[in-house]
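# Examining the three-dimensional arrangement
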Amino acid sequence: MTLPRPETETDNARRGRAQAPLETPLKNPLEALRQGLEDSRSSVRLRAAMAAGASPDPQFVDKLIERCAVEPDFHVRETLTWALTRHPATATVPVLVGEVRSRCAQARSQALHTLSKIGDRRAWPAITRALLADPDDEVARSAWRAAVVLVPEGEEHELAAVLSTQFGRGDRETHLSLSRALVALGDAIAPVLSAATTDPDPRVRAHALATERLSRDPDAGFAYAIEEAKRVVALGDTGREER
């Protein structure tokens, strides 16, 4: 008679594997996105944002926009914007329009930036004069870029007039952002440039002259254009004083 072989630890392990479920239940996609975007490592947050763009799902929109308001890493913010552009505008634009009224400057700026990338002109009414003159330079710059993308045909002159009120504002990067936005409006800027080049404020005149030069030669360096404009303004002021 053959006696049964005693069970070994290996036998028990095999039996356990045989009885275990064949597949582990998948984590809820929205919960996986939330955990990824809230991870302390920017590389993990970046991968989460990329995954949300690679496999768009309307339930991701609110979380992606919410993260835009607080994400500290520039590259992750850009990927969040890209992920949002991969979703239908009908799902993203209404939420982004609400976000441009946020008290948080980064939320306003990133929402405007994303709207400019989506390019849906139904968002145009959200680009208010208040946003175009927002006290936060980054928000204002995002609003200028969004405005020139979303402005309806025929309203370029009015937009140019509003943007011209910001001449002389901020640092060189802010000057360049405004000049580029105005140049993108084409011939509509001619009257406002003409008026601004005679403004009593020398900073406004110099900025307008630099924008005029940039419009004539878009490939010219803006730094050179602004320095040249300052020299022209300084010489003009000296001439007036001598007279």
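Our structure is the block above this text.
Our subject in this report is the structure included herewith. (Residues numbered from 1 in each chain as written. Predicted model: local features only at pLDDT ≥ 70, side-chain atom pairs only at ≥ 80, totals over all residues. Heavy atoms only, no water.)

### So, the overall build of the protein
From N to C terminus, the protein includes 14 helices and zero strands. The order of α-helices and β-strands along the protein, N terminus first, is α-α-α-α-α-α-α-α-α-α-α-α-α-α. When each of the 243 residues of the protein is scored for burial, the buried share is 42%. Within the protein, residue pairs in contact and separated by at least 24 positions form 64% of the contacts whose partners lie at least 6 positions apart. Total accessible area computed for the protein in this model is approximately 14,000 Å², and 53% of it derives from carbon and sulfur atoms. (Helix = DSSP H or I, 4+ residues; strand = E, 2+ residues; numbered from the N terminus. Buried < 20%, exposed > 50% of the residue type's maximum accessible area, 1.4 Å probe, protein only. Contact = heavy atoms within 4.5 Å. Areas by Shrake-Rupley, 256 points an atom, 1.4 Å probe, with all protein chains shown as cover.)

### So, the side chain of Arg169
Within the secondary structure, Arg169 sits in the loop between helix 10 (156-164) and helix 11 (172-183). What makes Arg169 buried here is its relative accessible area of 16%. One polar contact links Arg169 to Asp137, side chain to side chain, over a distance of 2.9 Å. In this structure the side chain of Arg169 is engaged in a polar contact, spanning 2.9 Å, whose partner is the side chain of Gln166. In this view, Arg169 contacts Leu132, Ala133, Asp134, Pro135, Asp136, Asp137, Ala140, Trp144, Thr174 and His175; residues no more than four positions away in its chain are not counted. (Polar contact = N/O pair within 3.5 Å; in protein donor to acceptor, adjacent residues only side chain to side chain.)

### A few points about the environment of Thr128
Here Thr128 is to be found in the loop between helix 7 (105-118) and helix 8 (129-132). We classify Thr128 as partly exposed; its relative accessible area is 33%. Put simply, Thr128 and Ala143 are 15 residues apart on the chain and 8.7 Å apart in space, counted from C-alpha to C-alpha.

### Thoughts on the packing of helix 6 (residues 89-99) against helix 7
For the pair helix 6 and helix 7, the least separation of the axes is 9 Å and the interaxial angle reads 145°. The hand of the helix 6/helix 7 crossing is left-handed. Of the residues in helix 7, those in contact with Ala89, Thr92, Val93, Leu96 and Glu99 of helix 6 are Ala107, Arg108, Ala111, Thr114, Leu115 and Ile118. By residue class, the composition of the contact of helix 6 with helix 7 is seven nonpolar, two polar and two charged. (Axes fitted to C-alpha atoms, helices over the stretch in contact; angles between N-to-C directions. Left-handed = near helix turned anticlockwise from the far one by under 90°. Nonpolar A, V, L, I, M, F, W, Y, C, P; charged D, E, K, R; others polar.)

### Overview of the nonpolar core
Formed by 50 residues in total, the largest nonpolar core has its most connected members in Leu64, Leu112, Ile127, Leu132, Leu159, Leu163 and Phe167. In terms of residue count, the dominant contributor to this core is helix 9 (residues 137-150) (seven residues). Once residues within four sequence positions are removed from consideration, Leu132 is found in contact with Ile127, Ala140, Ala143, Trp144, Ala147, Leu159, Val162, Leu163, Gln166 and Arg169. (Core = buried A, V, L, I, M, F, W, Y, C linked by side-chain atoms within 4.5 Å.)

By themselves these figures say nothing about function.
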